[in-house]
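Descriptive structure summary
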Amino acid sequence: MMSVVHDLDDIYYFTRSYDPFEIAFHLDFDIEYVDYLPGGRLGLAVPELKVLFLVNTIKDTMYSYFICAHELTHGTEHEGIQAFYNKSNRTKSRMEQEADAGAIHILCNYYLEEFPEIDRLNVPTVASFFDLDEEFYSLIERELKGLID
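This section reports on the structure supplied with the text.

Rules and cut-offs
Residues numbered from 1 in each chain as written. Predicted model: local features only at pLDDT ≥ 70, side-chain atom pairs only at ≥ 80, totals over all residues. Heavy atoms only, no water. Phe/Tyr/Trp six-rings, centres within 6.5 Å; stacked < 30°, edge-to-face > 60°. Helix = DSSP H or I, 4+ residues; strand = E, 2+ residues; numbered from the N terminus. Buried < 20%, exposed > 50% of the residue type's maximum accessible area, 1.4 Å probe, protein only. Arc of directions from axis to C-beta. Pairing = 2+ DSSP bridges. Axes fitted to C-alpha atoms, helices over the stretch in contact; angles between N-to-C directions. Expected span 1.5 Å × (residues − 1). Core = buried A, V, L, I, M, F, W, Y, C linked by side-chain atoms within 4.5 Å.

1. What about the packing of aromatic side chains?
Think of a pair of aromatic rings as described by two things: how far the centres are apart, and how the planes are tilted against each other in angle. Inspection of the entire model under this criterion finds 11 aromatic pairs. Measuring from ring centre to ring centre gives 5.5 Å for Y65 and Y110, while their planes differ by 15 degrees; the resulting arrangement is stacked. A residue pair is termed long-range when its members are at least 10 positions apart, and Y65 in helix α3 (residues 63–77) and Y110 in helix α5 (residues 89–114) qualify at 45 residues. Among the residues examined, Y65 registers a relative accessible area of 17% and is labelled buried.

2. Things to note about helix α1 (residues 8–15)
Residues spaced three or four apart along an α-helix point in a common direction, a consequence of the helix completing one turn every 3.6 residues. Residues L8, I11 and T15 constitute the buried set of α1. Angularly, the buried residues of α1 cover 60 degrees about the axis, an arc narrow enough to put them on a single face. Exposed and facing more than 90 degrees away from the buried side of α1 are D9 and Y13. One or two steps after α1, the chain reaches R16, where phi turns positive at roughly 60 degrees.

3. Notes on the sheet that holds strand β1 (residues 30–34)
Pairing is mixed across the open sheet formed by three strands, whose spatial order is β1-β3-β2. The sheet terminates laterally at β1 and β2 (43–46), the two strands that pair on one side only. For this sheet, the mean angle separating the axes of adjacent strands, direction not counted, is 20 degrees. Pairing analysis gives four bridges linking β2 to strand β3 (residues 51–55), with the strands arranged antiparallel. By the bridge assignment, L44 is partnered in β3 with F53.

4. Some remarks on helix α7 (residues 137–148)
The end-to-end C-alpha distance of α7 is 16 Å, a good match for the 16 Å that 12 residues give at a rise of 1.5 Å each. What α7 keeps buried is the set L139, I140, E143 and L144. Along the axis of α7, the buried residues cluster in a sector spanning 125 degrees; they form a single face. Summarising the geometry of α7, the exposed residues directed more than 90 degrees from the buried face are R142 and G146.

5. Examining the nonpolar core
Counting residues in hydrophobic clusters, the biggest one holds 42 residues, and the most contacted among them are I23, F66, I104, V126, F130, L132 and I140. Residue assignment for this core shows that the elements contributing at least two residues are α1, α2 (20–26), β2, β3, α3, α5, α6 (123–129) and α7.

6. Considering the pairing of β3
Here β3 lies mainly inside the structure; four of its five residues are buried. Both β1 and β3 contribute to a ladder of five bridges, which runs parallel. Its bridge partner lying in β3, V34 is registered against V55.

Have a look at this one:
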């Protein structure tokens with residue numbers, strides 16, 4: 001399976017987009033909207049079934065792009081969901097951090113694709129576009145530096 005983190009440029013070659021929903025489609029992931037997910041989650045990846053579950057409350061929001069990209073990272077980078085529940089809390093936390101970083105990697109590329117004008121590029125603007133909190137600023141900053149240097 002292709003990795004949305006390591007193979008993003010190859011995926012772009014085929015999709016001509018960094019849109020996480022387009023990438024999910026290209027990688028044959030179904031996206032299912034549901035009313036409820038356990039633990040108050042907003043998204044859940046089930047790699048064995050190639051399904052990303054997203055809650056209805058985020059449908060048609062820019063934040064859904066983050067959740068889709070986050071779950072897509074889980075779906076291509078991490079073991080199956082059953083293995084996730086058997087992991088220690090420390091390992092789960094690391095996996096969540098990796099999924100956040102993968103999502104930001106995808107979203108920063110997507111933002112640059114949508115708004116190639118460099119004068120509109122700064123951390124708060126990117127975060128605001130996707131309705132992300134300040135907790136993501138350092139990830140966005142690191143990713144933008146890597147993309148524009």
